[in-house]
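Inside the fold
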Amino acid sequence: MLALSWFILASTNRAASAGLATSSNQAVNDTVGKLTIQNLIGTVIGGSALENHKEKILVVDDEASIRRILETRLSMIGYDVVTAADGEEAIDIFHKTDPDLVVLDVMMPKLDGYGVCQELRKESDIPIIMLTALGDVADRITGLELGADDYVVKPFSPKELEARIRSVLRRVDKGGASGIPSSGVIQIANIRIDTNKR
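Residues numbered from 1 in each chain as written. Predicted model: local features only at pLDDT ≥ 70, side-chain atom pairs only at ≥ 80, totals over all residues. Heavy atoms only, no water.

1. Examining the overall build of the protein chain
When helices and strands are counted, the protein chain shows seven helices and seven strands. In the protein chain, the order of α-helices and β-strands from amino to carboxyl end is α-α-β-α-β-α-β-α-β-α-β-α-β-β. Here the contacts in the protein chain between residues at least 6 apart in sequence split such that 61% fall between residues at least 24 apart. Carbon together with sulfur atoms contributes 57% to the accessible area of the protein chain, which is approximately 11,800 Å² in total. (Helix = DSSP H or I, 4+ residues; strand = E, 2+ residues; numbered from the N terminus. Contact = heavy atoms within 4.5 Å. Areas by Shrake-Rupley, 256 points an atom, 1.4 Å probe, with all protein chains shown as cover.)

Quick look at the structure:
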């Protein structure tokens, strides 16, 4: 009987030790998993993945000469530039490229700049700078009330537009202390995180 009691006690101790070891291992694995996820998030939000982010600008204008000039100048000062020739193409390219800012002409075929601005504001708070040959104050107020962040009247100085782009992007960066790009989209290799969709 005594021998049997010692056997049961020893077996119980071994089982308890095994259970403790399993629990400890699971706890370690859970901790490592959490740290790995936290490190990944830290890298995405504050690390080199975003330090190398090149801000993308969508230039929308039905005049090919203006698109070409702006694409050349903005590319030279470090922006990634995509272009569209009308309002419908602008919305399509916006969805495909996730730009950080839109330079948007008002008078365009198919869908004018006001219509594009309205459509974009339904789903995004992306900065929009409107270009127009309409110098009337009422026209500028219309664009601003529809959600534009700034307005530049044609003919304009490319240097002035570049300064306004920098200014608007600075305001957006200060407003988003999280370090997430102004478009709200984080792209790392094949991983895409759209923070606008929660």
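2. A word on the sheet that holds strand β4 (residues 128-132)
In spatial order, the strands read β2-β1-β3-β4-β5; together these five strands make up an open sheet with parallel pairing. In the strand order of this sheet, the two ends are held by β2 (80-84) and β5 (150-153), each with one partner. Across the sheet, the mean angle separating the axes of adjacent strands is 20° when strand polarity is ignored. Contacting β4 and β5, helix α6 (residues 137-145) runs over the sheet at an angle of about 150° to β5. (Pairing = 2+ DSSP bridges. Axes fitted to C-alpha atoms, helices over the stretch in contact; angles between N-to-C directions.)

3. Focus: the nonpolar core
Note that soluble globular proteins tend to have their nonpolar side chains buried in a common cluster. Ranked by size, the top nonpolar core spans 21 residues in total, and within it L58, V60, V102, L104, V116, I128 and M130 carry the most contacts. Sorting the residues of this core by element identifies β1 (56-60), β2, α4 (87-97), β3 (101-105), α5 (113-121) and β4 as the ones contributing at least two each. Not counting residues within four places of it along the chain, the set of residues in contact with M130 comprises L104, V106, G113, Y114, G143, A148, D150, Y151 and V152. By size, the runner-up hydrophobic cluster in this structure holds 17 residues, among which are I66, V103, V152 and F156. (Core = buried A, V, L, I, M, F, W, Y, C linked by side-chain atoms within 4.5 Å. Buried < 20%, exposed > 50% of the residue type's maximum accessible area, 1.4 Å probe, protein only.)

4. Comments concerning α5
Because an α-helix completes one turn every 3.6 residues, residues spaced three or four positions apart along the sequence face the same direction. What α5 keeps buried is the set G113, Y114, G115, V116, C117 and L120. Residues of α5 that are buried sit in contact with α4, β3, β4, α6 and β5.

5. Topic: the pairing of β1
Within a regular strand, side chains alternate between the sheet's two faces. Here β1 lies mainly inside the structure; five of its five residues are buried. Judged by which residues are buried, β1 turns out to be covered on both faces: K56, L58 and V60 on one side and I57 and V59 on the other are all buried. Sheet analysis places β1 next to β2, joined by five bridges and oriented parallel. Across the sheet, L58 pairs through a bridge with V82, a residue of β2. On the question of chirality, the crossover connecting β1 to the parallel β2 by way of helix α3 (residues 64-76) is right-handed. (Right-handed = clockwise from strand over helix to strand, strands pointing away.)

6. Structural notes on the environment of K154
By the element assignment, K154 lies in the loop between β5 and α7 (158-175). With sequence-adjacent residues up to four places away left out, K154 is seen in contact with D61, E63, I66, D105, L131, T132 and A133. Here D105 takes part through its side chain, which lies 3.2 Å from a polar atom of the side chain of K154. (Polar contact = N/O pair within 3.5 Å; in protein donor to acceptor, adjacent residues only side chain to side chain.)

7. Some details on unusual backbone geometry
Put simply, K154 and P155 share a cis peptide bond, and its omega is -10°. If you trace the backbone, P155 turns up in the loop between β5 and α7. Phi angles above zero are rare outside glycine, and D98 is one such case at about 50°. Inspection of the secondary structure puts D98 in the loop between α4 and β3. Despite not being glycine, K110 has its phi angle at roughly 70°, a positive value. When you line up the elements, K110 lands in the loop between β3 and α5.

8. What to know about the environment of E71
Relative to the elements of secondary structure, E71 occurs in helix α3. Taking the C-alpha atoms as reference, E71 lies 9.0 Å from I57; in sequence the two are 14 residues apart. When neighbours within four sequence positions are excluded, E71 is seen to be in contact with V81 and T83.

9. Some remarks on the confidence of the model for the protein chain
Residues at a pLDDT of 70 or more form 60% of the protein chain, whose mean pLDDT is 76. Within the protein chain, the lowest mean pLDDT, 41, falls on helix α2 (residues 48-51), and the highest, 98, falls on β1. For the stretch residues 20-25, pLDDT sits under 50, and the model shows zero contacts to residues farther than four places along the chain or on other chains. Contacts from residues 27-51, a stretch scored under 50 in pLDDT, to residues over four places away or in other chains number 19 contacts. (pLDDT = per-residue confidence, 0-100.)

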